[in-house]
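Observations on the three-dimensional arrangement
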Amino acid sequence: MRWLVGWSSAAATPAARRAATRTTSATGNPGRTAAGSPPPYGTHDTYDPYDSYGPYGHAPHTAHIPDGGDGLLQPVGAQVLWSGPDPLWAVGDWRPDEIRVVEAEPGNRLAVLGCCGAGDEELRLGLVAARGGAFRHLTAWPGSYTAVACVGRRITVAADLAGARPVFHVPWAGGTAYATAALPLADLIEAELDFGHLAALLACPDAPEALGDGTPYRGVRRVPPGHALIVRDGGSREVTSYESSGSLVVGAPPADPEAAVAGVRDALVDAVRARLTAPRHAAERDVDAGAVRDPGPVPGMGPADRQRARGGPAPGVGADLSGGPASGTLALLAAGLPGTPGTVFGSGAASAGERLLAVTFNDLTLGGTEGRRGAGHQGAGAGAHQSAGTDGHLAELERAHAIAENPRLRHVVVTGGEETLPYADLANGPLTDEPGPCLVTAERHRYRLSAGSADHFLGAGARQVVDAHPARLADLLLDRRRRHLVRPVAALARAEGQTAGQATGRSLLVPVTIYRAARRLARTPYRDGVVETAAQLRDSGFTAAAFAPYPEGGESAVDASVAALTWCRPGPAARWLTGEALAEVSLRLEAAAQARPSIERPGERRARAALARAAADHRVLEQAAEIRNQRLHAPYFDNQVVRAARELPEALRVRPGARASILRAALAGAGVHELPPGWGAPTHATHYAALRAGVRLAADQLLELFRAPLLAEAGLVEARVVRQAVQRVARGEQLPVEGIADLVSMELWLSRLLARRGTCWTGSSAPRHRAASAGVHPDARYERMLPPTGG
């Protein structure tokens, strides 16, 4: 796990500055005048970004923290970017090209960590703009990165628009500590678990009203997406938005669809080019043909993880190729851009530097073509996955093979059986910064990514960035554009008729059902909608229906759309929480509705919440499935791609197949015109089929996990209820399998957090800095931690 951490201490007193100056002058500090003043601007030969000067003298690797003692505190395995009263560290296995520090003039510095497509001169211009307060320029470069601007004693740290690169902060030692991970800050302040936030993650995972700006650790706050943290002189903290909100004027001129699609195309091309123009990387085995070596301790990885990762990924750049439009677009763009798109020439097994490595995962338990040819292999749940799941999987494989016929792609098919189903190998795995449902599928993703490249493209986030949330139908009604509802409603009616077969009476009622739900949402104020959800959580009938039938996504696409046409709704795991946990979440919802009345449109707000949830899940996946020497790139989460997609007209978004047509137009603008039949067909059934097969195969292991769970000790669930839900899903009953994944992931994360040894900090005072040291205390749940007014 790689993260960035720093703090801004309280301003030093004049006496302290004079004492520091005298000490420095006596030691003969090079690069300083006799009086201790900084050298004139332009003497860059004496400037070293890894050894800067502060009021306590030179501190190249540590910083003195005024915590009441004389201990020196620093993160474990950190490299200092600058020190002084506002030190900054980079922690983890960062590549040299992923850390860039520039200086516009003495005292004004900018650190950019991650993949950024801007040159050094552009970074300096951005720093000059940030010095005047225009820090939005720090987020407008291609790529995915975190920018930290230090202008005198003013520190500005910007979170991204999606939430894949968040920023956290806490008050500490008379100043402010900030980081791109919550766990090191929780260790710093010895934070205990916030069970109210954990309950909200299970009950309403995509509701910002319930989550607020909190984290699983008490006292550690999150900077909302699209906002920046500004710290002045260590004491004054401000979280402000850097993105302008959309116009609420009904008569505002509509955006040009062609120009909006062209903007998405240009943003995607720039995002892919930023990765391709970065230095190429290879694993240790590609540069050292000798014996395999242990790379030594790696944060978040044990000996078994290091042994599996020792082989390393393929050198160069690669991409997922699942057959869907999201990953296919990235693979074709990367292969079609001028230059060398993929592997390093003559390295590894490729021996072809002009081709991009494309990886396709074939789940044999879903009845793939290779699975049918393979010696009669039939797993524990293979017979139950036919029909929609099998057909969609086979069609997706055929599209992937058709795309891979591109001569600039080198296609690799990774096959997996029961050992790659969800819930496999739950006993092993690194501790992630926060819990996430992808913890149950981490081994499945790691198995696929182990055949990938050192820099690997993923299609994650395309659905949330490009597609329209169903709640945007209510936005069209607010704009009095009812005619734009005809196409999506007609598509839902056709899908309902195909699902229902001969029962066409229900499909005839689809237009009325959708229109009523959209009109109800358009006429419901934000406060009333959130309060209604809070009342639903407290209703005894909600928990009484814990085992009522609930197919994935509802009985049909119509039911899923109607359920999404609300301001806020419970998650799939909410039905199995205790009444006390649901009551606490309802209080958070009501408090947020009263304190933060929203002026956003319902569709826009729900779409932003869905994007933030997807980005948070992707961030957890990066940490859970991490392979040494490999970087996962999700360009759809980049700031510029998100900005370009937000310019798409709502009428264009809600059309059937909008995402596939938009990406098709983006590829056409880049010179790719031939695409396989069925481009953009939905394949949700395969995901749910794999989840159900994983529950059936790992039922005994899951029952043992919830024999005496930590979630029950915290009062969030009853172990008996969860075990009963697992047994029913294993028998094939229609219950929300994604809710089981949420509960299992939360339990795994709690057990790994409480079983950890050590801390993220080192120094004479570090042993006492550790998060959740008190474990799980039911009595602590009753300290109400309502979300603050921000976010």
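Residues numbered from 1 in each chain as written. Predicted model: local features only at pLDDT ≥ 70, side-chain atom pairs only at ≥ 80, totals over all residues. Heavy atoms only, no water.

**Observations regarding the overall build of the protein**
This is how it is decided: We count a stretch as a helix when DSSP gives it H or I for four or more residues in a row; a strand needs E for two or more, and each element gets its number in order from the N terminus. Remark: exposure states derive from per-residue accessible area (1.4 Å probe, protein chains only) relative to the maximum for the residue type, with buried under 20%, exposed over 50%, and partly exposed in between. In this analysis, two residues are considered to be in contact whenever any of their non-hydrogen atoms come within 4.5 Å of each other. With residues, only the protein chains shown are counted as cover, and all accessible areas are computed by Shrake-Rupley using a 1.4 Å probe.
Within the protein, the regular secondary structure consists of 30 helices and 22 strands. The buried share of the protein, taken over its 791 residues, is 55%. Within the protein, residue pairs in contact and separated by at least 24 positions form 76% of the contacts whose partners lie at least 6 positions apart. In the structure as shown, the protein presents an accessible area of about 31,600 Å², 53% of it carried by carbon and sulfur atoms.

**Re the side chain of Asp320**
For clarity, the threshold we go by: Polar contacts, as used here, are pairs of N or O atoms within 3.5 Å; protein pairs need one atom able to donate a hydrogen and one able to accept it. Residues neighboring in sequence count only if both atoms are side-chain atoms.
Relative to the helices and strands, Asp320 resides in strand β17 (residues 314-320). A distance of 2.9 Å separates a polar atom in the side chain of Asp320 from a polar atom in the side chain of Arg448. Discounting chain neighbours no more than four positions away, the residues touching Asp320 are Ser327, Ala331, Val359, Arg448, Leu449, His456, Phe457 and Leu458.

**A word on the pairing of β17**
A regular strand places its side chains on the two faces of the sheet in alternate fashion. Note the following rule: Pairing between two strands requires that DSSP report at least two bridges joining them.
Counting buried positions along β17 gives seven out of seven residues, so the element sits mostly inside the fold. Sheet topology places β17 next to strand β20 (residues 453-457); four bridges connect them, and they run parallel. If you follow Val317 over to β20, its bridge partner there is Asp455. As judged from the three bridges shared by β17 and strand β18 (residues 356-363), these two strands associate in the parallel manner. Counted as the bridge partner of Ala319 is Ala358 from β18.

**Examining the packing of helix α17 (residues 510-523) against helix α20 (residues 557-564)**
Put simply, the test is: Interaxial angle, 0 to 180 degrees, is taken between N-to-C directions of lines fitted to C-alpha atoms, where a helix line uses only the stretch in contact. Angular relationships are summarised with four words: roughly parallel below 35 degrees, roughly antiparallel beyond 145, roughly perpendicular across 65 to 115, and oblique for the angles in between. Throughout, a crossing is termed right-handed when the near helix is turned clockwise from the far one, and left-handed when it is turned anticlockwise from it by less than a right angle. Basically, the charged four are Asp, Glu, Lys and Arg, the nonpolar ten are Ala, Val, Leu, Ile, Met, Phe, Trp, Tyr, Cys and Pro, and anything else, Gly included, counts as polar.
One can describe the packing of α17 onto α20 by two numbers: an axis separation of 9 Å at closest approach and a directional angle of 15°. In terms of their interaxial angle, α17 and α20 are classed as roughly parallel. Handedness of the α17/α20 crossing: left-handed. Here Val510, Thr513, Ile514 and Ala517 of α17 come into contact with α20, specifically with Val558, Ser561 and Val562. Class assignment for the residues of the contact of α17 with α20 results in five nonpolar, two polar and no charged.

**Let's talk about the sheet that holds strand β13 (residues 175-179)**
With antiparallel pairing, the six strands of this open sheet are ordered in space as β6-β7-β1-β13-β12-β14. Taken across any chain shown, the strands that pair with only one partner, and hence form the sheet edges, are β6 (78-82) and β14 (221-222). In the sheet, strand β1 (residues 3-8) pairs with β13 via four bridges, with the strands oriented antiparallel. If you follow Trp7 over to β13, its bridge partner there is Ala177. Running at roughly 10° to strand β12 (residues 168-172), helix α3 (residues 182-189) makes contact with β1, β12 and β13 of the sheet.

**Side note on the sheet that holds strand β21 (residues 631-633)**
Ordered by their spatial adjacency, five strands build an open sheet running β19-β18-β17-β20-β21, and the pairing between neighbours is parallel. Single-partner strands in this sheet number two, and they are β19 (409-416) and β21. On average, each strand axis in the sheet is inclined to that of its neighbour by 30°, with strand direction left out of account. Helix-sheet contacts for helix α12 (residues 442-449) involve β17, β18, β19, β20 and β21, and the interaxial angle to β18 is about 140°.

**Topic: the packing of aromatic side chains**
Defined as follows: Between rings of Phe, Tyr and Trp, where Trp is taken as its six-membered ring, a pair exists when centres lie within 6.5 Å; planes separated by under 30 degrees are stacked, by over 60 edge-to-face, and by other angles tilted. Note on geometry: a ring has a charge over it if NZ (lysine) or CZ (arginine) is within 6 Å of the ring centre and within 35 degrees of the ring normal.
Taken as a whole and judged by the stated rule, the model has six aromatic pairs. Relative to Trp89, the ring of Trp7 has its centre 5.0 Å away and its plane inclined at 65°; by these criteria the two rings are edge-to-face. Remark: Trp89 occurs in strand β7 (residues 88-91) and Trp7 occurs in strand β1; sequence separation between them is 82 residues. The buried category is assigned to Trp7, whose relative accessible area is 3%. According to the relative accessible area criterion, Trp89 is buried, its value standing at 0%. With centroids separated by 6.0 Å and ring planes inclined at 35°, the aromatic side chains of Trp141 and Tyr145 adopt a geometry described as tilted. You'll find Trp141 and Tyr145 in the same group, each marked buried. The side chain of Arg728 reaches across the aromatic face of Phe547, ending 4.4 Å from its centre.

**Details of α20**
As a reminder of what qualifies: Taking the helix axis as origin, the arc is that swept by the directions to the C-beta atoms.
When we look at burial in α20, the residues that qualify are Val558, Ser561 and Ala564. With its buried residues spanning 130° around the axis, α20 presents them on a single face.

**Details of the packing of helix α18 (residues 526-538) against helix α21 (residues 579-595)**
How two helices sit against one another is set out by the angle between their axes and by the gap between those axes. Following both chains from N to C, one finds α18 and α21 inclined at 170°, their axes separated by 8 Å at the closest point. One way to sum up the angle between α18 and α21 is to call them roughly antiparallel. Counting all contacts with α18, which are made through Tyr526, Arg527, Val530, Val531, Thr533, Ala534, Leu537 and Arg538, the residues of α21 involved are Leu582, Ala583, Val585, Ser586, Leu589, Glu590, Ala593 and Gln594.

**Examining the environment of Val413**
Among the structural elements, Val413 can be located in strand β19. Look at Val413 and you get partly exposed, because its relative accessible area is 31%. Separated by 13 residues in sequence, Val413 and Ala400 place their C-alpha atoms 9.7 Å apart.

**Examining the pattern of salt bridges**
Which entries qualify depends on this criterion: Salt-bridge detection follows one rule: a side-chain nitrogen of Lys or Arg within 4 Å of a carboxyl oxygen of Asp or Glu.
Across all of its chains, the model carries 38 salt bridges by this definition. Linking Glu600 and Arg608 is a salt bridge whose minimum nitrogen-to-oxygen distance equals 3.4 Å. Relative accessible area serves as the criterion here: at 31%, Arg608 is assigned to the partly exposed category. Shared partners join several salt bridges into a network, and the residues in it are Glu209, Glu600, Glu604, Arg605 and Arg608.

**Here's the deal with unusual backbone geometry**
You will see that Asp425, though not glycine, has its phi angle at about 55°, which is positive. Mapping Asp425 onto the fold places it in the loop between β19 and α12. A positive phi angle is found at Asn629, which is not glycine, with a value near 70°. Among the structural elements, Asn629 can be located in the loop between α22 (602-624) and β21. Here Asn629 falls in the partly exposed class, since its relative accessible area comes to 22%.

**Considerations on the pairing of β18**
Among the eight residues that make up β18, eight are buried, leaving the element largely enclosed by the rest of the structure. Alternating positions in β18 separate into two faces, Leu356, Ala358, Thr360 and Asn362 on one and Leu357, Val359, Phe361 and Asp363 on the other, with burial throughout. Of the strand pairs in this sheet, β18 and β19 are connected by eight bridges, and their pairing is parallel. The partner of Asn362 across the bridge, within β19, is Thr415.

**Brief notes about the state of the cysteines**
Stated precisely, the cut-off is as follows: In plain terms, two cysteine sulfur atoms within 2.5 Å form what is called a disulfide here.
Summed over all chains, the structure comprises zero disulfides. Between Cys568, a cysteine without a disulfide, and Cys204, which holds the nearest cysteine sulfur, the sulfur-to-sulfur distance is 4.6 Å. Residue class for Cys568 comes out buried when judged on its relative accessible area of 5%.

**Regarding the nonpolar core**
One recurring pattern in soluble globular proteins: nonpolar side chains tend to sit buried together. Going by this rule: Definition used in this section: a nonpolar core is a set of buried Ala, Val, Leu, Ile, Met, Phe, Trp, Tyr and Cys residues joined via side-chain atoms within 4.5 Å.
Counting residues in hydrophobic clusters, the biggest one holds 112 residues, and the most contacted among them are Tyr217, Tyr423, Ile740, Leu743, Val744 and Trp749. Trp749 has contacts with Leu193, Leu198, Pro216, Tyr217, Leu431, Thr432, Asp433, Glu434, Pro435 and Leu439, leaving out every residue within four places of it along the chain. By size, the runner-up hydrophobic cluster in this structure holds 72 residues, among which are Trp141, Val151, Ala267 and Tyr636.

**Some points on helix α25 (residues 658-669)**
Threshold: Expected helix span is computed as 1.5 Å times (number of residues minus one).
Taking 1.5 Å as the rise per residue, α25 with twelve residues should run 16 Å; its terminal C-alpha atoms sit 17 Å apart, in good agreement. Where α25 is concerned, the buried positions are Ala658, Arg659, Ala660, Ile662, Leu663, Ala666 and Leu667. After α25 finishes, the residue Gly671 shows a positive phi value of roughly 100°.

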